[in-house]
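A structural walkthrough
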Amino acid sequence: MRYFLDTEFNGFGGELISIALVPENAALAPFYAAIPVADPTAWVRANALPVLDAEPQSRDIVRDLFAAYLMNDPAPLLVADWPEDIALAARLLISRPGYMKPVRSLRFELVDPDIIGPMAASAVPHNALHDAQALRATMLAWEARMAR
């Protein structure tokens, strides 16, 4: 199944703050979790942290929850519109040097928002869950237009 991925992170190339996966099937529950940020950038303090809608948990707990969420899907495909989202999601699975949380199989797809746009408006910009929902809406609308 496809899951639409979004993350928030602490500045360009910064550490993961929150991550969301929104299943293509709207009847299924999304995944959304946050990790504490020790020294947020001014932009993150002003824009991302005020709309964080999850109690931050340790990176280890979020990693375990993320892997468990994906484990029951034999072939999850994570769709993102920014390369760093993919990098942060993949890096989240690493538990220590040379070890990762087991997942059956995991594929990523990067889409260019300038090609599939216009992007659906996020109900809460800079909130990973709402941004992932907007990505799902945008992709599904684009695919419906392409199928005509």
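In what follows, the structure referred to is the one given above.
First things first, this report covers the structure right here in the doc. (Residues numbered from 1 in each chain as written. Predicted model: local features only at pLDDT ≥ 70, side-chain atom pairs only at ≥ 80, totals over all residues. Heavy atoms only, no water.)

Considerations on the sheet that holds strand β3 (residues 31–34)
What the 5 strands build is an open sheet, ordered β3-β2-β1-β4-β7; its pairing is mixed. Taken across any chain shown, the strands that pair with only one partner, and hence form the sheet edges, are β3 and β7 (107–110). In this sheet, adjacent strand axes meet at a mean angle of 25° when their direction is disregarded. Note: strand β4 (residues 77–80) against β7, 4 bridges, orientation parallel. Counterpart to Val79 in the pairing with β7 is Glu109. Against the sheet, helix α2 (residues 59–71) contacts β1 (2–9), β2 (16–23), β3 and β4, and its axis sits at roughly 15° relative to β2. Of the strands in this sheet, β1, β2, β3 and β4 touch helix α5 (residues 128–147), which is tilted by about 140° from β1. (Pairing = 2+ DSSP bridges. Helix = DSSP H or I, 4+ residues; strand = E, 2+ residues; numbered from the N terminus. Axes fitted to C-alpha atoms, helices over the stretch in contact; angles between N-to-C directions. Contact = heavy atoms within 4.5 Å.)

Observations regarding the pattern of salt bridges
Counted by the stated rule, this structure contains 7 salt bridges. In this structure, Arg2 and Glu143 form a salt bridge, with 2.4 Å as the shortest nitrogen-oxygen distance. Within this pair, whereas Arg2 is found in strand β1, its partner Glu143 is found in helix α5, the two being separated by 141 residues in sequence. The partner of Arg91 in a salt bridge is Glu15, with the nearest N and O atoms 3.8 Å apart. With Arg91 in helix α3 (residues 83–92) and Glu15 in the loop between β1 and β2, this pair connects stretches of sequence that are 76 residues apart. (Salt bridge = Lys/Arg side-chain N within 4 Å of Asp/Glu carboxyl O.)

Some points on the packing of aromatic side chains
Taken as a whole and judged by the stated rule, the model has 3 aromatic pairs. Ring plane angle 70° and centroid distance 5.8 Å describe the contact between Tyr3 and Tyr69, whose orientation is recorded as edge-to-face. One end of the pair, Tyr3, is in strand β1; the other, Tyr69, is in helix α2, and 66 residues separate them in sequence. Relative accessible area serves as the criterion here: at 6%, Tyr3 is assigned to the buried category. Judged by centre distance (5.5 Å) and plane angle (45°), the rings of Phe31 and Tyr69 are tilted. Here Tyr69 lies in helix α2 and Phe31 lies in strand β3, a separation of 38 residues in the sequence. (Phe/Tyr/Trp six-rings, centres within 6.5 Å; stacked < 30°, edge-to-face > 60°. Buried < 20%, exposed > 50% of the residue type's maximum accessible area, 1.4 Å probe, protein only.)

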